[in-house]
Amino acid sequence: MKSIRKRLNGYALLFVAGICLAVWLGMAFMLEAVFVFGAISLIFLLLLLRQGRRLYDATLIWDNRILAVPSALISIPSRQIKRDVEETVVSTFGILMGNEIYRWGLDGVHGVRLHAAQIDKERMYLIFGDKNQTMRVELLHGMLHKQTVVEATQKMLHETGVTAVVNGW
C-alpha cells in the first residue's frame, strides 16, 4: 500500500509541475509549449485519478481484512506463471498482493469471485476468478492454533459466503 501511495504522490507532483510550467509558458506567450505541457498535465491527471482509485481499493481491502500474511505464491494455470509477493491481505472485498489488487464481487454473477478456500497446517489456498480466468494463491498463514483457524473460516464464510475446507487440524 505504501508503493501505491508513493506513486499517487509522484503523479500529483508531476501534475502540479506540468500545470505550473504551462501557466508560466502561457505568460511568456509560448503557445505551442503551453499545449504540450497542458497535454502532459492532462495525462498525469488521468494517471492521478486512476492511482487514487487504486489507493481507495487498497484501503478498502486493508480496512476489511480477514487475514494478513507476509508472503504468497501466485499461480495462474492458463499461463503457468508463478511468482512470490510480499504483504498479502485477504479481505471481504478482494486480495491485495504487493502492488496488485484483485477485487471480487463487483460485477455480479459474471465478475471476479472467490470460488474456494482450503486451509492446512501451514498454508491457505484461495481460488478466485471469473469464467475466463482463474488464479490460485498459496499463502503461508502462520496460524498456530485451531481456534484461530476456526475464527478465520467463520469470518470468511460470513464475509464472502465461501466455506473454507480445513485439512490436517
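Owing to the predicted nature of the structure, the values given are computational and were not obtained by experimental measurement. (Residues numbered from 1 in each chain as written. Predicted model: local features only at pLDDT ≥ 70, side-chain atom pairs only at ≥ 80, totals over all residues. Heavy atoms only, no water.)

K.L.:
How should I be thinking about the packing of aromatic side chains in this particular structure?
P.N.:
Geometry of an aromatic ring pair is reported as the spacing of the ring centres plus the angle between the planes. In total, this model carries 3 aromatic pairs according to the counting rule given. Relative to phenylalanine 44, the ring of tyrosine 11 lies with its centre 6.5 Å away and its plane at 35°, an arrangement referred to as tilted. With tyrosine 11 in helix α1 (residues 2-27) and phenylalanine 44 in helix α2 (residues 31-63), this residue pair connects regions lying 33 residues apart in the sequence. With respect to burial, tyrosine 11 and phenylalanine 44 carry one shared label: buried. Among the aromatic residues, those joined into a cluster by ring pairs are Tyr102, Trp104 and Phe128. For arginine 65, the ring lying beneath its charged end belongs to tryptophan 62, and the centroid distance is 4.5 Å. (Phe/Tyr/Trp six-rings, centres within 6.5 Å; stacked < 30°, edge-to-face > 60°. Helix = DSSP H or I, 4+ residues; strand = E, 2+ residues; numbered from the N terminus. Buried < 20%, exposed > 50% of the residue type's maximum accessible area, 1.4 Å probe, protein only. Lys NZ or Arg CZ within 6 Å of the ring centre and 35° of its normal.)

K.L.:
Please explain the pairing of strand β6 (residues 123-129) as it appears in this structure.
P.N.:
Side-chain direction in a regular strand flips from residue to residue, so the side chains alternate between the two faces of the sheet. Across the 7 residues that make up β6, a large majority, 5, are buried. Examined bridge by bridge, strand β5 (residues 113-119) and β6 share 6 bridges and lie antiparallel to one another. Pairing of alanine 116 across the sheet is with isoleucine 127, part of β6. Connecting the antiparallel pair β5 and β6 is a turn made up of 3 residues. By the bridge criterion, 7 bridges tie β6 to strand β7 (residues 134-140) in an arrangement that is antiparallel. Across the sheet, residue isoleucine 127 finds its bridge partner in β7, namely arginine 136. Connecting β6 to the antiparallel partner β7 that follows it, the hairpin turn spans 4 residues. (Pairing = 2+ DSSP bridges.)

K.L.:
Just to check I follow, could you spell out the pattern of salt bridges for this structure?
P.N.:
Pairing between side chains of opposite charge can happen when the charged atoms of each approach one another. In this structure the tally under the stated criterion is 4 salt bridges. The partner of arginine 123 in a salt bridge is glutamate 138, and the shortest N-O contact between them spans 2.7 Å. Of the two residues, arginine 123 is situated in strand β6 and glutamate 138 in strand β7; the sequence distance between them amounts to 15 residues. For glutamate 138, a relative accessible area of 16% gives the class buried. A salt bridge links arginine 136 to glutamate 138; the nearest nitrogen and oxygen atoms lie 3.9 Å apart. On the basis of relative accessible area, arginine 136 is assigned to the partly exposed category, the value being 33%. Connected through salt bridges with shared partners, the residues Arg53, Asp57 and Arg103 form a single ionic network. (Salt bridge = Lys/Arg side-chain N within 4 Å of Asp/Glu carboxyl O.)

In short, geometric facts, not functional conclusions.
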